[in-house]
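# Breakdown of the fold
Residues per chain, in single letters:
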Amino acid sequence: MSRKQWVVGAVAVALVVTGAGLYWFQPWKIWQDETVDEALPGAVSSSVTPGQSKDPAAEASEGAAEPSGAPSATSAGPRTLAGGELISHEHATSGTVRLVRLPDGSHVVRLEKLDTSNGPDLHVWLTDAPVKEGRAGWHVFDDGEYVSLGRLKGNKGSQNYVLPADVDPAGFTSVSIWCDRFDVSFGAAELSRV
């Protein structure tokens, strides 16, 4: 083989390897933020249209605070069943997670004020794994039972992830922002019952 053929072959191999590496790692996502801010489904709006006054009985009841997650006698809104703070694993991650039962009986995992790195193939997992600090917690979430609630909609903001109807949320104790491509948690929260 001539030197020219060898150089062309080496360049072709280098391009294929570089292309595969770029596809696999998607390093540009480190600088790309995707913000998604969704309202909680089934939340009752307390807004009043211009020129309309609030009902005095409703105004009086607003002054009495209810415990977090307690059902209201006057509203059948969403109810928080469990929640927790996100901790960082492979990437700096912050925000809160809530497991919410909606008025129709369905459940959602709600990420609030999420702030993490963007990355390839990120998913939201509901799991039965314990949340561990540091590197010890990076890889535990695929060791037991878990349910993927879908791709992470955005690496910043507040988002809802619907639980499939056949999933009993009582059997799960944590939520992970899971990178399926590299089998690692970006961050996770332990769900404490309220």
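What this report covers is the structure whose coordinates are included nearby. (Residues numbered from 1 in each chain as written. Predicted model: local features only at pLDDT ≥ 70, side-chain atom pairs only at ≥ 80, totals over all residues. Heavy atoms only, no water.)

## Notes on the overall build of the protein chain
A count of helices and strands for the protein chain gives two helices and 11 strands. Secondary structure elements in the protein chain, listed N-terminal to C-terminal, are α-β-α-β-β-β-β-β-β-β-β-β-β. In the structure as shown, the protein chain presents an accessible area of about 11400 Å², 57% of it carried by carbon and sulfur atoms. (Helix = DSSP H or I, 4+ residues; strand = E, 2+ residues; numbered from the N terminus. Areas by Shrake-Rupley, 256 points an atom, 1.4 Å probe, with all protein chains shown as cover.)

## What to know about the environment of serine 148
Relative to the helices and strands, serine 148 resides in strand 7 (residues 146-151). Excluding its chain neighbours within four sequence positions, the residues that come into contact with serine 148 are His123, Val124 and Trp125. (Contact = heavy atoms within 4.5 Å.)

## Remarks on the pairing of strand 10 (residues 184-190)
Most of strand 10 is tucked away: six of the seven residues are buried. With two bridges connecting them, strand 3 (residues 87-88) and strand 10 associate as antiparallel partners. Within strand 10, the position partnered with isoleucine 87 by the bridge is alanine 188. Of the strand pairs in this sheet, strand 9 (residues 174-179) and strand 10 are connected by six bridges, and their pairing is antiparallel. Bridge pairing in strand 10 places tryptophan 178 opposite serine 185. Taking the residues that link successive antiparallel strands as the turn, the strand 9-strand 10 hairpin has four residues, and the phi of aspartate 183 there is positive, at about 50°. (Buried < 20%, exposed > 50% of the residue type's maximum accessible area, 1.4 Å probe, protein only. Pairing = 2+ DSSP bridges.)

## Focus on unusual backbone geometry
Unusually for a residue other than glycine, lysine 113 sits at a positive phi of about 55°. Within the element layout of this structure, lysine 113 appears in strand 5 (residues 107-115). Positive phi values are uncommon outside glycine, yet aspartate 121 reaches one of about 60°. Take aspartate 121: it is sitting in the loop between strand 5 and strand 6 (122-127).

## Observations regarding the sheet that holds strand 7
Ordered in space as 3-10-9-6-7, the five strands form an open sheet in which the pairing is antiparallel. Of all the strands in the sheet, the pair left with one neighbour each is strand 3 and strand 7.

## Regarding the pattern of salt bridges
Overall, the coordinates contain five salt bridges when judged by the stated rule. The partner of arginine 98 in a salt bridge is glutamate 112, with the nearest N and O atoms 3.1 Å apart. Residue arginine 98 is found in strand 4 (residues 94-101), and its partner glutamate 112 is found in strand 5; the two are separated by 14 residues along the sequence. Judged by relative accessible area, which is 23%, arginine 98 ranks as partly exposed. A salt bridge links aspartate 115 to lysine 156; the nearest nitrogen and oxygen atoms lie 2.4 Å apart. (Salt bridge = Lys/Arg side-chain N within 4 Å of Asp/Glu carboxyl O.)

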